[in-house]
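Each chain is listed here by its residues.
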Amino acid sequence: MANLTISIDDADKQCIAEFCNQVGMTVSGLYNVFTKQVLREGRIPFEIAVDRPNRATVRALQEGDRIANDPNAKSVTVEELMQEMKSW
């Protein structure tokens, strides 16, 4: 059996050790399970992603910023918006 040394934040190490203790395993056992799952599936067994807004959301955010910074922009109330929507 080989040894593996990893660096981890002290608080994270404490939290993961407490979790492992609660579920009846060791931190070493946890990493062994993770490794076996990676090897079995041929991938990291969970999604690693950065949440990014889609293009339409980015455009809406940019428009909101533009309107918020436009001194000539007209402000409306929620009631006015609801009334407008009902007229459609």
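Computed from a predicted structure; not experimentally measured.

Help me understand helix 2 (residues 27–41) in this model?
A turn of α-helix holds 3.6 residues, and therefore any two residues three or four places apart point the same way. Taking 1.5 Å per residue, 15 residues should reach 21 Å; helix 2 reaches 21 Å between its end C-alpha atoms and fits that length. Positive phi shows up at Gly 42, right after helix 2, with a value of about 70 degrees.

Just checking my understanding: could you explain the pattern of salt bridges for this structure?
If the charged atoms of two oppositely charged side chains come close together, the side chains can form a pair. Enumeration according to the criterion identifies 2 salt bridges in this entry. Notably, a salt bridge pairs Glu 41 with Arg 43, separated by 3.0 Å at the nearest N-O pair. Glu 41 gets classed as partly exposed once you look at its relative accessible area, which sits at 33%. A salt bridge links Arg 66 to Glu 63, with the shortest nitrogen-to-oxygen separation between them at 3.9 Å. Residue Arg 66 and its partner Glu 63 are both found in helix 3 (residues 55–68); the two are separated by 3 residues, about one turn of the helix.

What am I meant to see in the state of the cysteines here?
In a disulfide, the sulfur atoms of two cysteines are held together by a covalent bond. Tallying each qualifying case throughout the model produces 0 disulfides. Counting only cysteine sulfurs, Cys 20 is the nearest neighbor of Cys 15, a cysteine outside any disulfide, at a range of 11 Å. The class of Cys 20 is buried, set by a relative accessible area of 1%.

Help me understand the packing of aromatic side chains in this model?
Remark: the centre distance and the inter-plane angle together describe each pair of aromatic rings, the angle taken between the planes. Scanning the model with the defined rule gives 1 aromatic pair in all. Taken together, a centroid distance of 6.1 Å and an interplanar angle of 35 degrees make the contact between Phe 34 and Phe 46 tilted. Here Phe 34 is found in helix 2, whereas its partner Phe 46 is found in the loop between helix 2 and helix 3, with 12 residues between them in sequence. A relative accessible area of 33% places Phe 34 in the partly exposed class. By relative accessible area, which is 47% here, Phe 46 ends up partly exposed.

Reading guide: rules and limits
- Residues numbered from 1 in each chain as written.
- Predicted model: local features only at pLDDT ≥ 70, side-chain atom pairs only at ≥ 80, totals over all residues.
- Heavy atoms only, no water.
- Helix = DSSP H or I, 4+ residues; strand = E, 2+ residues; numbered from the N terminus.
- Expected span 1.5 Å × (residues − 1).
- Salt bridge = Lys/Arg side-chain N within 4 Å of Asp/Glu carboxyl O.
- Buried < 20%, exposed > 50% of the residue type's maximum accessible area, 1.4 Å probe, protein only.
- Disulfide = S-S within 2.5 Å.
- Phe/Tyr/Trp six-rings, centres within 6.5 Å; stacked < 30°, edge-to-face > 60°.

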